[in-house]
Amino acid sequence: MWILSTPEGAEAPLTFRIRAGGIKTIGRAKRADFIVDAALVSRLHCRVTAGATGLEVIDLDSTNGTFVNGRRVTRAPLQEGDVLGVGRVTLTVQRAQLDS
């Protein structure tokens, strides 16, 4: 299991979990799998696909872009420790100890 979470002490703490094989959307809309109601986040901002050894993020033509470790991307791999930027929100990628 993979965990995407805002840094400790964030104004609006967020934690999202995704199992290997899962595909989740991130955005402001209620139809998004992971809702991030924050400035500069598009309704459907990006899609994250989880594999056994990493994640992949694909920008869904968001207005303000999707960033990995500060670099704007349209599609990119994510590994443990990477920082995913969605609007003004940053989510750190972590691997859960047990994949249950």
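Our subject is the structure listed above.
Residues numbered from 1 in each chain as written. Predicted model: local features only at pLDDT ≥ 70, side-chain atom pairs only at ≥ 80, totals over all residues. Heavy atoms only, no water.

Draft legend 1. Representation of the sheet that holds strand E9 (residues 75-78) in the model. The 5 strands are arranged E4-E3-E5-E6-E9 in an open sheet whose pairing can be described as mixed. Edge positions in the sheet fall to strand E4 (34-35) and E9, since each of these pairs with one other strand and no more. Across 4 bridges, strand E6 (residues 55-59) lies against E9 in antiparallel orientation. Its bridge partner being in E9, Val 57 is matched across the sheet by Ala 76. (Pairing = 2+ DSSP bridges. Helix = DSSP H or I, 4+ residues; strand = E, 2+ residues; numbered from the N terminus.)

Draft legend 2. The arrangement of the pairing of strand E10 (residues 83-86) in detail. Direction of pairing for strand E7 (residues 66-68) relative to E10: antiparallel, over a ladder of 3 bridges. Directly across from Thr 66, in E10, lies its bridge partner Val 86. Summarising the sheet, E10 and strand E11 (residues 89-95) pair through 4 bridges and their orientation is antiparallel. Opposite Val 83, over in E11, you have Thr 92 as the bridge partner. Hairpin connection between E10 and E11: a loop of 2 residues separates the two successive antiparallel strands, and Gly 87 in this loop has a positive phi of roughly 65°.

Draft legend 3. The arrangement of the packing of aromatic side chains in detail. Summed over the entire model, instances satisfying the criterion amount to 1 aromatic pair. Relative to Phe 34, the ring of Phe 16 has its centre 4.5 Å away and its plane inclined at 15°; by these criteria the two rings are stacked. Here Phe 16, found in strand E2 (residues 15-18), pairs with Phe 34, found in strand E4; they are 18 residues apart in sequence, far enough to count as distant. Phe 34 shares its class with Phe 16; the two are buried. (Phe/Tyr/Trp six-rings, centres within 6.5 Å; stacked < 30°, edge-to-face > 60°. Buried < 20%, exposed > 50% of the residue type's maximum accessible area, 1.4 Å probe, protein only.)

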